[in-house]
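# Breakdown of the fold
Below are the chains, spelled out letter by letter.
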Amino acid sequence: MFKHLQQYAGDPIFGLNDAFHRNTHPRKINLTIGLYYDEAGRIPILPSVAAVERRLVDDPAPRVYLPMEGLQGYRDAVQRVVFGADSQAVAEGRVATIQTLGGTGALKVGADFLKGAYPDSEVWISDPAWDNHHAIFGGAGFPTRSYPYYDPATKGLAFDAMMECLRGLPSRTIVLLHPCCHNPTGVDLSREQWEEVIAVLGERGLIPFLDIAYQGLGDGMEEDAYAVRAMAQAGLTVLVANSFSKNLSVYGERCGGLSVVCGSESEADLVLGQLKAVVRRIYSSAPWHGGHVVAGVLNDAKLYAQWLDEVAGMRERIAQMRRMVHEQLTAKLPGYDSAYFLRQRGMFTYSGLSQEQLLALRERHGVYIIDSGRIAVPGLNSSNVEHFTDALADVVSVVTH
């Protein structure tokens, strides 16, 4: 019956991760997958999360189905964290929010919702992009195309080319944007650049879809949400997919949210109904445990403050690794411009390494970076950063010369 099907090639990142585990190099380093590791190389259980889980164990409740839109306390917390406690759009009831199966689930629900609302639109995604963005929107039936974003020459933002592209897009084109910690490049827009983007989005009647998966790991919880809040304040209709996987370290609990900022409360009610209809067709109900854990942390003033401190510690550790890499490479490779480690933000850095250099890193040094050259910075720590910079200095020097 199914012999005609094509073999699934697998996800390249997960495949490379498997290859890392098979490698026997004594000092191997895994910089492939987007997970936050602590200084000891472990995925942390945040104390704020552990406190809520102890409460759930001590006071057990039936694991009933949640409503299609998710847990109310969770949805309220999403709006407060993403849009701010003083958001006018939230206060006016103009934001429709649902609990989703992680950030990926939020993108999928948003894609299906938009396909019903604007079936003839195209989706434009940054170049380069997280590969799954094209897969999700393509799977929903949208043609996907790329707008300029990364400038290999500067390892920074190709802002002028990006703006020229956006100005030429037809009305109701869907534009996928990262408010902070761009995946895969780590290259973000300044506030002034965001203001220019917002003006063009409004003038052209474009539909921004913001994917904020790393809030708090760039410049701060409030700072990283600037683009989201500025678009809401500017009166744009905007979709926002957010994830708590990284900043709460609850990856497998699948905790995300999808919010749609609308023009009125009545419009938000219509949108919420359609989002629920999409959810019903896919998975019916969001996770009970993850929902209660996130809501428990974010709706408890003491635990919320503790969580902000925990995220600040994660953010500072990433920044410290960036500084250490830059300092060591400056000493080991005087002619190599490693300043991009400092300019880029969040969990990822785009190295610009060639395929030959990446292969040499794996084969000679056991250092695994995905084929795009994206480095997952939290995989570095004070115990392995010296080996990483030695390896990078070796392959850059040997392959270059």
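On a predicted model such as this, the values are computed, not experimentally measured, just so you know. (Residues numbered from 1 in each chain as written. Predicted model: local features only at pLDDT ≥ 70, side-chain atom pairs only at ≥ 80, totals over all residues. Heavy atoms only, no water.)

## Here's the deal with a nonpolar patch on the surface
Stated formally: Candidates for patches are residues over 30% relative accessible area with no salt bridge; among them, like charges are joined within 9 Å and nonpolar side chains (Val, Leu, Ile, Met, Phe, Trp, Tyr) within 5 Å. Accessible surface area values rest on a Shrake-Rupley calculation with a 1.4 Å probe, where residue burial reflects the displayed protein chains alone. Salt bridge, as applied in this entry: a Lys or Arg side-chain nitrogen positioned within 4 Å of an Asp or Glu carboxyl oxygen. Strands here are runs of E lasting at least two residues and helices are runs of H or I lasting at least four, both read from the DSSP assignment and numbered beginning at the N terminus. The classification of residues rests on relative accessible area computed with a 1.4 Å probe and restricted to protein chains. Under 20% of the type maximum is buried, over 50% is exposed, and intermediate values are partly exposed.
A cluster of nonpolar side chains, Met-1, Phe-2 and Leu-5, forms an exposed patch at the surface whose accessible area comes to about 440 Å². With respect to the element layout, Met-1 can be found in the segment before α1 (12-22). Assessed through its relative accessible area of 83%, Met-1 is described here as exposed.

## A word on the pairing of strand β2 (residues 95-101)
Let me state the cut-off plainly: We call two strands paired when DSSP finds no fewer than two bridges between them.
Within β2, 6 of the 7 residues are buried, which leaves it mostly tucked inside the rest of the structure. Pairing analysis gives 7 bridges linking β2 to strand β10 (residues 255-261), with the strands arranged antiparallel. Opposite Ala-96, over in β10, you have Val-260 as the bridge partner.

## Let's talk about the side chain of Asn-17
Filter applied, for reference: For this analysis, a polar contact is any N or O atom pair within 3.5 Å, provided that within protein one partner can donate a hydrogen and the other can accept it, and provided that sequence-adjacent residues contribute only side-chain to side-chain pairs. Contacts between residues were defined by any pair of non-hydrogen atoms, one from each residue, lying within 4.5 Å.
If you trace the backbone, Asn-17 turns up in helix α1. At a separation of 2.5 Å, a polar atom in the side chain of Asn-17 contacts the side chain of Asn-30. Here Asn-17 is in contact with Asn-30 and Thr-32, once residues within four sequence places are set aside.

## Some remarks on the pattern of salt bridges
Scanning the model with the defined rule gives 14 salt bridges in all. Residue Arg-42 is joined to Asp-38 by a salt bridge in which the shortest nitrogen-to-oxygen separation is 3.5 Å. Overall, the relative accessible area of 54% leaves Arg-42 in the exposed class. Across the pair Glu-386 and Lys-332 runs a salt bridge whose closest N-O atoms are separated by 2.9 Å. Taken together, the positions of Glu-386 in helix α15 (residues 385-400) and Lys-332 in helix α12 (residues 301-332) put the pair 54 residues apart, joining distant regions of the chain. On the basis of relative accessible area, Glu-386 is assigned to the partly exposed category, the value being 39%. Among the charged side chains, a network of salt bridges with common partners joins Lys-332, Glu-386 and Asp-390.

## Regarding the packing of helix α2 (residues 47-58) against helix α11 (residues 288-298)
Put simply, the rule is: In this analysis an axis means a line fitted to C-alpha atoms, helices contributing only their contacting stretch, and an angle means the value between N-to-C directions, from 0 to 180 degrees. Geometric relationships in this document are graded by angle, where less than 35 degrees denotes roughly parallel, more than 145 denotes roughly antiparallel, 65 to 115 denotes roughly perpendicular, and other angles denote oblique. Crossings are sorted by hand: turned counterclockwise from the far helix by less than a right angle, the near helix makes the crossing left-handed, and turned clockwise it makes it right-handed. Side-chain classes are defined by residue name, with Ala, Val, Leu, Ile, Met, Phe, Trp, Tyr, Cys and Pro counting as nonpolar, Asp, Glu, Lys and Arg as charged, and the others, Gly among them, as polar.
Running from N to C, α2 and α11 cross one another at 120°; their axes reach a closest spacing of 9 Å. One finds that α2 runs oblique with respect to α11. α11 is crossed by α2, and the crossing has right-handed handedness. Residues Ser-48, Val-49, Val-52, Glu-53 and Leu-56 of α2 pack against Trp-288, His-289, His-292, Val-293, Gly-296 and Val-297 of α11. When grouped by side-chain class, the residues that make up the contact of α2 with α11 number 6 nonpolar, 4 polar and 1 charged.

## Some thoughts on α2
Operational definition: Take the number of residues in a helix, subtract one, and multiply by 1.5 Å to get its expected span.
The first and last C-alpha atoms of α2 sit 16 Å apart over 12 residues, in line with the 16 Å expected at 1.5 Å per residue. Within α2, the full set of buried residues consists of Ser-48, Val-49, Ala-50, Ala-51, Val-52 and Leu-56. Summarising the contacts, the buried residues of α2 are in contact with α11 and α12.

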